[in-house]
Amino acid sequence: MGWMRKDLLTIQELELAEIGLILDTAASMKEIAGREIKKVPTLRGRTIANLFYEPSTRTRTSFEIAGKWLSADVINWSATGSSAVKGESLLDTARNIEAMSPDVVVVRHGASGAAQLLARALKCAVVNAGDGAHEHPTQALLDLLTIREKKGHLEGLSVAIVGDVAHSRVARSNIHGMRKLGMTVTVAGPPTLIPPFVQELGVKVSHRLEEAIADVDVIMMLRLQQERMTGGLIPSLREYARYWGLTRASLSGARQDVLIMHPGPVNRGIELAPEVADGPYSVILDQVANGVAVRMAVLYLLAGARAQA
Amino acid sequence: MNALIKGGRVLDPANGVDTVQDLLIQDGKVARLARGLKAPEGTPTIDASGKVVCPGFIDIHVHLREPGFEYKETVATGTKAAAAGGFTAVACMANTNPVNDNRSVTDYIRAKARSEGFVRVYPIGAVTRGLEGKELAELAELAEAGCVAYSDDGLPIMNSALLRRAMEYTLPFGLPIISHAEDAHLVQGGVMNEGVVSTELGLRGWPAAAEEVMAARDCCLAELTGAHVHIAHISTAGAVRLVKEAKARGIRVSAEVTPHHLLLTEEAIRGYDPNTKMAPPLRTKRDQEALLEALADGTIDCIATDHAPHALSEKEGDFDGAAFGIVGLETAASVLLDRLVRPGLLPLPTLVERFTAGPARVLNLPGGSLAPGVEADVTILDLERELTIDPSGFHSKSRNTPFGGWRVTGMPWMTLIGGRVVMWERVIKGAIVQ
């Protein structure tokens, strides 16, 4: 099949075959990263605008490298130091950027639904690089690619997503993707960090770390979104780290071949003990590398394949 | 003003009238109701055959935005919208700038209504100075100036002791306190109902309990003080249950419901349309069913639109950043006739009662009746007219409605105030009424 969508906004709306297409395309893109000259002409003459309203190093850089390796021109438009701080609305900024005729706008914004808003307003392709606590589809795709590489398959695997699920777009995108792919998902954390009625999305809920990670193939630790937490959701970082931080000791009941993932950036010593983050089960750096491949695939499918079709 | 409205189905729930007959208006008042009335010499005749002749609709919860927010709405445009929607009277909330927490603002609104208004305007005074929830506004003088109720609508009064004192202090004036039942701490940045949809959309939830704990508190304080508390825009099954229990125990509590809470649920928010964002938020199907049942059985006394105009720039961006509220005056009757009355979910006489006698009773307003001798405020409905709701044709300054594009059958066909036609076929006739 070919790619038919104008935008990539959510995992929730994707068909299984579309997820497969992106992952397969990404797998083939990985070969480029291994070359001495990391450049293919696929998107030559095309322009990608990174529009980031939240601080981000990893994701923005990843999209930037992905675009550049495909020979696209990449411009970065960050909210700090742009007209966003002068009160220009998201829509106005987007219209201004569109007037410069980009082929793809990659957007990150603190408001859930911001990517949909842009996609409706703009004729060019829009990639959601994280909208509020809603979705972060390329993160879920790179997570799936990483798991598939390490485990050889996805269907039937079990995953524990641990931590600040309530504020996590990474968790939501992964839940949708993993459920579509036939994986079993448990979300775990203190009840104040578990979103209401999340069971209705087809996941199990656990309120004990050891129980949640005991028999799973993958442990995905989430960043504790300190900057978003208001209203006393946890008593202290110290207590959180004690009960929810993944340490060598808490891993003792886990499987021998478990994968440990984290979307980054890691709060070392809070959700992940350093010896675990850097330990043998950790695939955190594989995730970062796969992030570039997935974003190359997405940009190619949105800007390249569609235009040639 | 004299007129003879001929051949309509006169539906006046307050007086138990529901029969095809003529209505004679003389000197701006209802003169006679009977079949086969002859128009006296020089009296214009309105042919209402096939239509429904009701007491003028009353909306006790609108935001006219003047003074201070004239870019959203003015007394002139808001009352035009009211007339177009079949309303003959509105009560306007105090969250203007300056706040209607003192006599001069009340005087200003009433003067504007007299000179530029198209329907009757009843100001609602603030409970607390500046809506700050800290100290009482000059409540006696607001009553003397003509306010018909008190409310800090838009903001809850979190200090229960202060609300208690407001209830006690205003007892002698006989004006109710209208409660925007929302526990600010429980809402804490919420923008939609808390539930599986908010979880999916990644939007911060606003639990039903935030309304229910305040509705419960308000009922307790009404019981303590003997005051009349009116729960604005009730939205949850739990709050309905509380009101029902309180009423059964003889507590002076009343409640209103909006058309949007009756017709829409949180599912409408998928897609992040800012025109589905309001306070309280759209709730669940179960809540919606409880609201309809309570409206039918009288637990909920009246329908009110919470007409809340906002400029396009405040309603076109991201959901979190958008303003709360939607306009409702020009769509309320049509959408409810089409979605509740036509399918048989609510009898027409009940709907009309909740638009007329119900709200008049809650705020102790004149109107809501076609008894001989009363001011001839009349709303005539055409139940068969089909239309597509087109926000670009609104008389309101604002267009923020979730009902745009709805195909509906039924609309207010004519609005008369004091026997004078102020709206006919959605066209405002330009009459200044007061």
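Residues numbered from 1 in each chain as written. Chains lettered and ligands numbered in written order. Predicted model: local features only at pLDDT ≥ 70, side-chain atom pairs only at ≥ 80, totals over all residues.

## Some remarks on the overall build of chain A
The number of helices and strands found in chain A is 10 helices and 9 strands. Against the globule reference of 19 Å for 309 residues, chain A gives a C-alpha radius of gyration of 19 Å, in line with a compact fold. A principal-axis box enclosing the C-alpha atoms of chain A has dimensions of 55 × 45 × 35 Å. Counting across all 309 residues of chain A, residues that qualify as buried make up 50%. Considering only contacts within chain A whose residues lie at least 6 apart along the sequence, 75% involve residues at least 24 apart. (Helix = DSSP H or I, 4+ residues; strand = E, 2+ residues; numbered from the N terminus. Rg over C-alpha atoms; globule rule 2.2 N^0.38 Å. Buried ≥ 20, exposed ≤ 12 C-beta atoms within 10 Å, placed from the backbone. Contact = placed C-beta atoms within 7 Å.)

## Digging into the interface of chain B and chain A
Accessible area lost upon the coming together of the parts is a frequently used measure of interface size. Every contact between the two is made by 20 residues of chain B and, on the other side, 23 residues of chain A. Element by element, the count of residues in the side of chain B that touches chain A is highest for helix H6 (residues 196-201) of chain B, at 5 residues. Here the residues of the side of chain B that touches chain A sort into 5 nonpolar, 10 polar and 5 charged. (Nonpolar A, V, L, I, M, F, W, Y, C, P; charged D, E, K, R; others polar.)

## So, helix H2 (residues 58-69) of chain A
For H2(A), with 12 residues, the first-to-last C-alpha span of 16 Å sits near the 16 Å given by 1.5 Å per residue. What H2(A) keeps buried is the set Thr59(A), Arg60(A), Ser62(A), Phe63(A), Ala66(A), Gly67(A) and Trp69(A). (Expected span 1.5 Å × (residues − 1).)

## Examining the sheet that holds strand S7 (residues 87-92) of chain B
Residue and element names in this part refer to chain B. The 3 strands lie next to each other as S6-S7-S8, forming an open sheet whose pairing is parallel. The open sheet terminates on both sides in strands that have one partner only, identified here as strand S6 (57-62) and strand S8 (120-123). Averaged over all pairs of adjacent strands, the angle between strand axes in this sheet comes to 20°, irrespective of strand direction. Of the strands in this sheet, S7 and S8 are in contact with helix H2 (residues 103-116), which crosses S8 at around 175°. (Pairing = 2+ DSSP bridges. Axes fitted to C-alpha atoms, helices over the stretch in contact; angles between N-to-C directions.)

## A closer look at the environment of Val341(B)
All names here are of chain B. With respect to the helices and strands, Val 341 occurs in helix H11 (residues 332-341). Given 21 C-beta atoms within a 10 Å radius, Val 341 is considered buried. When the C-alpha positions of Val 341 and Ala 48 are compared, they lie 20 Å apart, and in sequence the two are 293 residues distant. In this structure Val 341 touches Leu 336, Leu 346, Leu 348 and Leu 351, once residues within four positions along its chain are discounted.

## Examining the confidence of the model for chain B
Across chain B, pLDDT averages 97, with 99% of residues at or above 70. Scored as a whole, the predicted complex attains pTM 0.94, and scored at its interfaces, ipTM 0.91. (pLDDT = per-residue confidence, 0-100.)

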